[in-house]
Amino acid sequence: MTYLQLSGVNKTFGNFTALGHIDLDIQKGEFVTFLGPSGSGKTTTLMVIAGFEKATKGEITVAGQSLSHLAPQERNIGIVFQNYALFPHKTAAENVYFPLQMRKVGKKDGMKKAHEMLELVGLSGFAHRRPSELSGGQQQRVALARALVFEPDLLLLDEPLGALDKNLREQMQIEIKRIQKRLGVTTIFVTHDQTEAMSMSDRIVVFSNGAIEQAAAPLDIYHRPATRFVADFIGESNLIEATISDAAAGRAESAILGTVSFAAEGQPPLTDSQAVTLLIRPEHLKLSREPKEGRMNAPMVIETIVNYGDNAVVIGKCKGHPMRVRVPGADVVILKEGDDCHVSWTADAVYVLDK
């Protein structure tokens, strides 16, 4: 059942269209991530939902009730920003109590609830500390507790982990997801970090140029992208131009890779002679000195090896076309830049995109 619904939402600033026509349904208790490059419209959409920006056109409803004529403070929405926006002169508990104070909740009951929320986010021993006495991660937890203490209908998170280091980001990803699942609050998380989106979300909404390119589960976004933009933006990709030679049999012809077979099932509708783009993820390719039997093969010249320790990305060219192959770290020792080799794959590794 749809809980949050955006219908034909449009936002313009003068002659600039920030959001074209946004239609999106979000279920109750769902964790949805808005993902896209800078200027794609994800934060503008969040601000329109929160009420800090007014939609030029369209309707936003929560549980069937319109938000369009409500001020931000009337929408019962919890928000966490990247800079946390904590009051420096208030303690952690006082910061968390503040939204309840604005709702006329008495101090005794309100502070009791604030302490309970701080315990939920793992800060039960830090209630009397001021923001200057807390680390970045602890301040982020206080901001999260403050956004949740009044039991909001929605929780909006605008790149809340952007200021944290890598290890703390990963720890907070787990914590936010744990708390969200425990409370069951419908959550929208804005980020440009694909790893965050893939690891935390029930669904990912990919934005580009003020429009939604695709809204789907993380693995569907990765393995079955709806558009070339999504295929190129999410993860690493090899995109090869081709023409369908036999749609029923699952065959295409490419000037780069020759005849390519693909699994006919699970592809978008295809017709013979259709111009398409083939997507092959780097981890689905293998490198070898000689062609591999039972697999499709193409010659490749290695140009660059990027070593990550446990794995490496080998960048080369097949007939002048860039190709990326992800290999185990142990295999890097037998490869070197300038080597001639073969790249190989199976039909299951190929996904066909409408050109």
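Since we're looking at a predicted model, the values are computed, not measured. (Residues numbered from 1 in each chain as written. Predicted model: local features only at pLDDT ≥ 70, side-chain atom pairs only at ≥ 80, totals over all residues. Heavy atoms only, no water.)

Novice: Please give an account of the pairing of strand S14 (residues 275–280) that cites residues and values.
Specialist: A regular strand places its side chains on the two faces of the sheet in alternate fashion. In terms of burial, S14 is largely enclosed, as 5 of its 6 residues are buried. The pairing of strand S11 (residues 238–246) with S14 spans 6 bridges and is antiparallel. For Ile240, the partnering residue across the bridge sits in S14 and is Leu278. The pairing of S14 with strand S20 (residues 351–354) spans 4 bridges and is classified as antiparallel. Pairing of Val276 across the sheet is with Asp354, part of S20. (Buried < 20%, exposed > 50% of the residue type's maximum accessible area, 1.4 Å probe, protein only. Helix = DSSP H or I, 4+ residues; strand = E, 2+ residues; numbered from the N terminus. Pairing = 2+ DSSP bridges.)

Novice: Before we move on, can you summarise the environment of Ala85 with the specific residues and values?
Specialist: Residue placement: Ala85 occurs in the loop between strand S6 (77–80) and helix H2 (92–102). Owing to a relative accessible area of 41%, Ala85 belongs among the partly exposed residues under this scheme. With 54 residues separating them in the primary sequence, Ala85 and Gln139 have C-alpha atoms 9.3 Å apart.

Novice: I'd like a description of the sheet that holds S6, backed by residues and values.
Specialist: Sheet strands line up and pair through hydrogen bonds in the backbone, either parallel or antiparallel. Strand order in the open sheet made by the 6 strands is S6-S7-S8-S3-S9-S10, with mixed pairing throughout. Across the chains shown, the open sheet's two edge strands, defined by having one partner strand only, are S6 and strand S10 (211–216). Pairwise comparison of adjacent strand axes, ignoring direction, gives a mean angle of 20 degrees for this sheet. Strand contacts of helix H4 (residues 136–148): S6 and strand S7 (154–158), with the helix running at about 170 degrees to S6, the strand carrying the most contacts. Sheet strands touched by helix H5 (residues 166–183): strand S3 (31–35), S7 and strand S8 (186–191). Its angle to S3, the strand with the most contacts, is close to 140 degrees. (Axes fitted to C-alpha atoms, helices over the stretch in contact; angles between N-to-C directions. Contact = heavy atoms within 4.5 Å.)

Novice: An account of the packing of aromatic side chains is requested, with residue identities and associated values reported.
Specialist: Applying the stated rule across the entire model yields 5 aromatic pairs. Between Phe31 and Phe189, the aromatic rings sit 5.9 Å apart at their centres with planes inclined by 35 degrees, giving tilted as the arrangement. One end of the pair, Phe31, is in strand S3; the other, Phe189, is in strand S8, and 158 residues separate them in sequence. When the ring centre of Tyr3 is taken as origin, the NZ or CZ atom of Lys28, which lies over that ring, is 4.2 Å away. The ring of Phe87 carries Lys90 above its face, with NZ or CZ at 5.8 Å from the centroid. (Phe/Tyr/Trp six-rings, centres within 6.5 Å; stacked < 30°, edge-to-face > 60°. Lys NZ or Arg CZ within 6 Å of the ring centre and 35° of its normal.)

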